[in-house]
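Here's the letter readout for the chains.
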Amino acid sequence: SIKSPVARLRLNADTLIEGRVASIEEEMEGLENINQECIRLEQAIRNSMISLAKGKQMLQFETCSLSELVGDAVSAWEKVFKKADLELLLDHKGGTLLGRFDPTLIRVMMDNLIDNALHFSRSKKSGLPHSYEGVNVRLRGENGKGIIIVDDTGIGIPPTMRSKIFKRFYRGRDIALTNSARS
């Protein structure tokens, strides 16, 4: 939950430092993005400290829009994907999707899913054959529930490893192959 905001902070700072902005508006947008990532980083650190102190994660539910939470997460990653020469698409169907969620944990989950999809997706630079370069985040409302699907162009998770991916800090064995293909 800390790695993703730091990566986006670095990208926005590098963009501004290297002068890769076309206008004052883009410069202001970069500074606003840095400010938002600092706020997210502060929240992640605060939540981690509270969790460590209590030995568990505290949920803080509030009524909010899952559509907005997912949309904000996708928007925060757009520049990172552009720099990686990958597309990041949000496909949303099903209205506003209001409910009681812990917005911080939804954001952490989305950041982790999008970050993983970024690292394991094939880009145009990889030289590997594929018809689509990118990640598609799909959000649906079905039977009163929100469904989030993150599709990427990576090698996938072998069926024998799928039950293990929900273990904390678990990493698959095919990571080196995938990452070297992206270099």
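Residues numbered from 1 in each chain as written. Predicted model: local features only at pLDDT ≥ 70, side-chain atom pairs only at ≥ 80, totals over all residues. Heavy atoms only, no water.

## Let's talk about the overall build of the chain
In plain terms, the rule: Going along the chain from the N terminus, every DSSP run of H or I of four or more residues is numbered as a helix, and every run of E of two or more is numbered as a strand. Any residue under 20% of the maximum accessible area for its type is buried, any over 50% is exposed, and the rest in between are partly exposed; the area is computed with a 1.4 Å probe on protein chains only. Here, residues are in contact when the closest pair of their heavy atoms is within 4.5 Å.
If you tally the helices and strands in the chain, you get 5 helices and 5 strands. Going from N to C terminus, the chain has its helices and strands arranged as α-α-β-α-β-β-α-β-β-α. Here the chain, with 183 residues, has 30% of them falling under the buried criterion. Look at the contacts in the chain between residues 6 or more apart in sequence, and 71% of them connect residues 24 or more apart.

## Comments concerning a nonpolar patch on the surface
Just so we agree on the cut-off: Here, patches come from residues exposed beyond 30% relative accessible area and free of salt bridges, joined within 9 Å for like charges and within 5 Å for nonpolar side chains (Val, Leu, Ile, Met, Phe, Trp, Tyr). Areas reported here follow the Shrake-Rupley algorithm with a probe of radius 1.4 Å; residue values treat only the protein chains shown as occluding. Note on definitions: salt bridges are taken to be side-chain nitrogens of Lys or Arg within 4 Å of carboxyl oxygens of Asp or Glu.
Among the surface-exposed residues, Ile2, Val6 and Ile45 lie close enough to one another that they form a single nonpolar patch of about 200 Å² accessible area. Among the structural elements, valine 6 can be located in helix α1 (residues 3-17). The exposure class of valine 6 is partly exposed, given its relative accessible area of 36%.

## What about the confidence of the model for the chain?
Where we set the bar: One number per residue, pLDDT, summarises how confident the predictor is, and it ranges from 0 to 100.
In the predicted model, the chain carries a mean pLDDT of 79, and the fraction of residues at 70 or more is 79%. Taking the mean pLDDT of every element in the chain, the minimum, 38, falls on helix α5 (residues 175-182) and the maximum, 94, on strand β1 (residues 62-65). The low-confidence segment residues 174-183 (pLDDT under 50) makes 17 contacts with residues lying over four places distant or belonging to another chain.

## Some points on the pattern of salt bridges
Counted according to the given criterion, the structure contains 8 salt bridges. Put simply, arginine 8 and glutamate 37 hold a salt bridge, and the shortest N to O gap is 2.9 Å. Here arginine 8, found in helix α1, pairs with glutamate 37, found in helix α2 (residues 24-54); they are 29 residues apart in sequence, far enough to count as distant. Residue classification places arginine 8 among the buried residues on the basis of a relative accessible area of 1%. Judged by its relative accessible area of 3%, glutamate 37 falls in the buried class. Glutamate 29 serves as the salt-bridge partner of lysine 79, at 4.0 Å between the closest nitrogen and oxygen. Remark: glutamate 29 occurs in helix α2 and lysine 79 occurs in helix α3 (residues 66-83); sequence separation between them is 50 residues. Its relative accessible area of 31% is what places lysine 79 among the partly exposed residues. Connected through shared salt-bridge partners, Arg8, Glu37, Arg107 and Asp111 make up one network.

## A word on the packing of aromatic side chains
What describes a pair of aromatic rings is the distance from one ring centre to the other and the angle between the planes of the rings. Counted only if it meets this: Two rings belonging to Phe, Tyr or Trp (six-membered ring only in the last case) form a pair when the distance between their centres is within 6.5 Å. Interplanar angles under 30 degrees mark stacking, angles over 60 mark edge-to-face geometry, and anything in between is tilted.
Taken as a whole, this structure holds 1 aromatic pair when the rule is applied. For the ring pair tryptophan 77 and phenylalanine 81, a centre distance of 6.5 Å and an interplane angle of 80° mean the geometry is edge-to-face. Of the two residues, tryptophan 77 and phenylalanine 81 are both situated in helix α3; the distance of 4 residues between them amounts to about one turn of the helix. Taken individually, tryptophan 77 and phenylalanine 81 each receive the classification buried, so the pair is uniform in this respect.

## Concerning the sheet that holds strand β4 (residues 134-142)
One key point about sheets: their strands pair by backbone hydrogen bonds, in either a parallel or an antiparallel sense. Stated precisely, the cut-off is as follows: Strand pairing is defined by DSSP finding a minimum of two bridges between the two strands. The axes used here are C-alpha line fits, helices contributing only the stretch in contact, and every angle between their N-to-C directions lies in the interval 0 to 180 degrees.
Ordered by their spatial adjacency, 3 strands build an open sheet running β2-β4-β5, and the pairing between neighbours is mixed. Taken across any chain shown, the strands that pair with only one partner, and hence form the sheet edges, are β2 (87-93) and β5 (145-151). Along the sheet, successive strands turn relative to each other by an average axial angle of 10°, direction set aside. Sheet topology note: the β2/β4 ladder contains 7 bridges and is parallel. Bridge pairing in β4 places leucine 90 opposite valine 137. Contacts from α3 reach β2, β4 and β5 within the one sheet, and its direction differs from that of β2 by about 165°.

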